[in-house]
Amino acid sequence: MKPFSASLDYVGRTVMHYVEEMGRIMTLFFSILFWMMRPPLKARNIFKQMEFVGVKSIFVVVLTGLFTGMVMTLQGYHGFRLFGAETMVGSTVALGMTRELGPVLTSLMVTARAGSAMAAELGTMRVTEQIDALYVMAANPIKHLIVPRVIASVLMVPLLTVVANFVGIAGSYFVGVNLLNINEGDFINNIYKMLELNDIYSGLVKAAFFGLVLSVVGCYKGFNTTGGAEGVGRATTQAVVISSITILVSDYFLTAIMF
Amino acid sequence: MIKLVDVHKSYGKQKVLDGLNLAIEAGKTTVIIGRSGGGKSVLLKHIIGLIKPDSGHVLIEESDITRLSEKDLNEVRKKFGMLFQEAALFDSMTVGENVAFPLREQTKLKDQEIRQIVADRLRAVGLSGVEEKMPSELSGGMRKRVGLARAIALHPRIVLFDEPTTGLDPVMTEAINQLIMDTQKNFNLTCVVISHDIQSIFRIGHKIAMLYEGRIIEYGTPEEIRASDNPVMRQFLSGSVDGPIKVT
Amino acid sequence: MGSITTEAKVGLFILIGMLLLGYMTMQVGQRGVGIKKGYNVDVVFDNVAGLNKYSSVQIAGVEVGRVEDILLKDGKALVRLRITPSVTLEKDVSAAIKTRGVLGDKYIEITPGTRGMAALEPGEQIRNVERQADIDRLLNQISAIADDVKTVSGTLSNVLGGQAGQDSIGGLLENMQALTRNINSLVVSNEATIRSMLLNAQELTNNLNRVVVQNDDKVGEVIENLRGASREMEKTFASFSQIADEVNRGEGTIGQLMKDNTTITNLNKTLASLQEVSDKINQGKGTLGKLVNDEETVNNLNQSLSGINRYVTKAEQFRTFLGYRGEYLWDKSNFKSYLDIKIQPKQDQFYLLGLVSDPRGRLTVRDYTPTGNVTTRTEEWDKSGLLFNVQIGKRFRNVVLRGGILESTGGFGMDYMALNDRLKLTFEAFDFSSDRNAHLKGYADVQLFKYLYLTGGWDDFISNRGNSSGFVGFSIRFEDDDLKYLLTSTPIPK
Ligand SMILES: Nc1ncnc2c1ncn2[C@@H]1O[C@H](COP(=O)(O)OP(=O)(O)OP(=O)(O)O)[C@@H](O)[C@H]1O
Ligand SMILES: [Mg+2]
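For clarity, every value in this text was computed on a predicted model and none was experimentally measured.

Asks: I'd like a description of the pairing of strand S4 (residues 55–60) of chain B, backed by residues and values.
Replies: Residue and element names in this part refer to chain B. Note that strand S1 (residues 2–11) and S4 share five bridges and pair antiparallel. Bridging from a neighbouring strand, Leu 4 pairs with Val 58 of S4. Where S4 lies against strand S5 (residues 63–64), two bridges are found, and the strand directions are antiparallel. If you follow Ile 60 over to S5, its bridge partner there is Ser 63. Taken together, S4 and the strand that follows it, S5, pair antiparallel across an intervening segment of two residues, in which Glu 61 is found at a positive phi of about 45°.

Asks: Describe the pattern of salt bridges, naming the residues involved and giving the relevant values.
Replies: Overall, the coordinates contain 39 salt bridges over all chains when judged by the stated rule. For B:Glu61, the salt bridge identified is with B:Arg157, shortest N-O distance 2.5 Å. One end of the pair, B:Glu61, is in the loop between S4 and S5; the other, B:Arg157, is in the loop between helix H5 (140–151) and strand S7 (158–162), and 96 residues separate them in sequence. Judged by its relative accessible area of 26%, B:Glu61 falls in the partly exposed class. When its relative accessible area of 43% is taken as the criterion, B:Arg157 is described as partly exposed. Where C:Arg402 meets C:Asp415, a salt bridge forms, and the shortest distance between an N and an O atom there is 3.0 Å.

Asks: Give me the lowdown on the pairing of strand S16 (residues 409–418) of chain C, citing residues and values where you can.
Replies: In summary, the side chains of a regular strand alternate between the two faces of the sheet. Residue and element names in this part refer to chain C. The alternating pattern of S16 places Thr 409, Gly 411, Gly 413, Asp 415 and Met 417 on a buried face, while none of Gly 410, Phe 412, Met 414, Tyr 416 and Ala 418, on the opposite face, is buried. Here strand S15 (residues 399–406) pairs with S16 via eight bridges, running antiparallel. Among the inter-strand pairings, Gly 404 is bridged to a residue of S16, identified as Gly 411. Between S15 and the antiparallel strand that follows it, S16, lie two residues; Glu 407 among them carries a positive phi value of about 45°. The antiparallel pairing of S16 with strand S17 (residues 423–430) creates a hairpin that spans four residues between the two strands, and Leu 419 there sits at a positive phi of about 50°.

Asks: Which residues make up the nonpolar core, and what values go with them?
Replies: Counting residues in hydrophobic clusters, the biggest one holds 104 residues, and the most contacted among them are A:Ile146, B:Leu4, B:Ile47, B:Ile60 and B:Leu160. The element best represented in this core is helix H6 (residues 141–179) of chain A, accounting for 17 residues. Setting aside residues up to four positions removed in sequence, B:Ile47 forms contacts with B:Ile2, B:Leu4, B:Ile24, B:Val58, B:Ile60, B:Ile65, B:Phe80 and B:Leu160. The next biggest cluster of nonpolar side chains, apart from the first, holds 44 residues, and it includes B:Leu103, B:Ile180, B:Tyr212 and B:Ile245.

Asks: Tell me about the confidence of the model for chain C, and name the residues and values.
Replies: Residues and elements named next belong to chain C. Of all residues in chain C, 51% attain a pLDDT of 70 or more, and the chain-wide mean is 72. Confidence drops under a pLDDT of 50 for residues 490–494, and excluding neighbours within four residues, the segment shows one contact in the predicted structure. As a predicted assembly, this complex carries a pTM of 0.60 together with an ipTM value of 0.89.

Basis of the calculations
- Residues numbered from 1 in each chain as written.
- Chains lettered and ligands numbered in written order.
- Predicted model: local features only at pLDDT ≥ 70, side-chain atom pairs only at ≥ 80, totals over all residues.
- Heavy atoms only, no water.
- Pairing = 2+ DSSP bridges.
- Helix = DSSP H or I, 4+ residues; strand = E, 2+ residues; numbered from the N terminus.
- Salt bridge = Lys/Arg side-chain N within 4 Å of Asp/Glu carboxyl O.
- Buried < 20%, exposed > 50% of the residue type's maximum accessible area, 1.4 Å probe, protein only.
- Core = buried A, V, L, I, M, F, W, Y, C linked by side-chain atoms within 4.5 Å.
- Contact = heavy atoms within 4.5 Å.
- pLDDT = per-residue confidence, 0-100.

Written out as structure tokens, the structure reads:
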């Protein structure tokens, strides 16, 4: 009986731990909203984060988008050719990119690049007492450190997604029309026919949401780091894992709501 | 002015503060001494509300900061300056921006005036012209002095120093002691200093408090402390390995 | 690179991103949503399976608009079209759902109406809808009839083949000749009636024409059947001409028949009585005549029709909404929840019933004066209790005024609707007690998705009891059709 109740206890405590963590992340989210509406926000801080999250991620995002578009085209081509529908490849890629892959892959890349860095940076600030120093100087760390990161992510991830979508479709065009000799007119017309403004916009809404997720989770993990350098490492890993899982799972629900 | 009443604080099973009582006088420098790992830094963080006690009260000018909301606590903190043991400089900012930070946050001074004050404070800690360096480009002692400059940038009414002279050469140590004494006198500050440096203790302290096993076991003027016959105090001042303080 | 500032880099990136987005949306937008401008026209179909949002709307194969929205309305599909501003549709245009391409894409074909007819106003409904299912049935019936005709004519030609048959036909023809003469005189004396009849027939053929044009395949089939029938008829006519020749030569029974006056007299008599009946109808005699000519009947009919109309529009207008609203009061670190039902019997009027759970509870102050005249005042916070909302509201364009019971006290509220109702700015005032400031609340709702709204504002902002708090939260609002049908099908006392 003993091991049974012990394991039950363990399960219960693990579940409670996650529920509590969810609650704490939500609380942090609300205080972020609260501080966001308390001027003055330092434009310079936001710009710095925008540069870090946005500008410096362009390269990885372009590479990811480009090769995703190209590979999908190559793969799709062989399948569609069986039905003589290879001109549909472009529209399939365009739909896939704008609706799902663009936002999801972009935010996963940004999570890996910037979300982890946010956790590491804030974690280091926590263990070297820099966050305490902010409190001492009556400067709220949520407003100073987290709000600019969240704003920057919510704005930049959609913008990066636009770039990923564009180069993805361009890559698909290059492979499809130039390498696989699909009829150019049909290829493009099918994209026009299938792709709708809503596909692009809903993808961008998703991307903004993912930007919110990855920045809030990254900052939460960093902000609550304990245990020195090792703790910073743990916070970083957890931030990436939790953000990625949340992005993938919430993508499903967002898709279910939107389409 | 600052009063700690029956403060308890434990980390896990370890009792760091165990019913500590201490009254710190306004306009004086109080030095806190005690063995390494004895809870001095923890005590200092209680005074500024960074750590909440498990039980007990911390009174700053009659208001119990353990009961205050974050918003009101913030108002109280505006009276404070603090030097952290590891300086805690913002490593994403230059030295100049670090020292200017409290000025930017809490005053409406113009850029020009702020730059003036920053240069002034840095000169006082013997670091003229390092404004554009990053903290990672400084030595440990230099960082500590920048931290000191930041702590007194605003001339707050209460300043907490966590080991201001540890890691400095004797000349620099004396210069910093001088700086603390001067600022304290000129602006009639309330200072709380943690120090391991016996010479400095007697030089700058109006009052000295000895923290041992979670309580203040001795409190008095430098003369009183020097004359104390408490064996712990005696061993601590003489720096002997034999006595009630066990190294292991 | 070093000299470029952070702001410049970010700005450049934002510019590039926006340009790409602009380019993509413009490319897609051209054919995607197509017409941002233009006006809306509704049309109701029984079934729109396969029709999509943004499906094409065409006249003669030329795209003139797109499907903007497809809604369910009383078990039918209400399709909202957006028509290019340069295209005007006459009031009597008709719409049909057509199929094109191998993939079976559906689109809406509009058949132009009468030239010079008044144009449809934006927001009006296209009344003529070709109902696919009915036409299928009709065409099937027609072809069945054609089959019947074929059999009959086949039998007929067989019958006519024999001598006896020829004889009787000859007689028949004699009679017909006389009949025609009589009919002629009838026609002359009833010219007006006939003319209107012809006009009706013309209209009928026009309609038929349209039906036929739009159902090419089926019609082809029918025509094939008819052609078979007519071939049989040809044979019949050949026999007729043979008989006619014989009649001319004065052979057989026919000669006699022609001389026989009685037949003609009989026929004449019949025709005369027919004429009498139709005269009577015209003059309003007899039951049928009365019915047709009676003003009252017409009025009654009209009235009952408009009554039905009114009932139908009422049911259409009647809408019910369910809503949930959660507000996080950050100064209190509490959640305030609202659950409500909004019943909207008319477009611009509604009733709101709701429950509010306020974690702060409600303060009740009681003055108690016992026999001595010392007044004790007790204040009670009722934390567990739910609060009620019962409000009536009316909408004037963008402004909604409502009042009644707000959070279990009297009060009123005002909403300003903007951005096609996607943004709502609200001000509420209630709880006007003499011993404390009124409860004022202001907030904004922004629609995020279909049902999800983000909300934020300030609750109880002039409170002198420390209840003032900003809040953020969300609300979910959706229309509930089941509830609506429950409410409209239960008789409502007038
Ligand atoms: N966040 C924490 N979690 C767990 N234990 C802690 C924490 N902070 C401090 N401690 C423990 O409390 C004790 C007192 O720490 P403190 O930093 O106050 O020592 P100190 O007196 O400042 O020492 P030193 O003179 O070396 O700086 C130490 O034994 C330390 O292990
Ligand atoms: Mg210490």
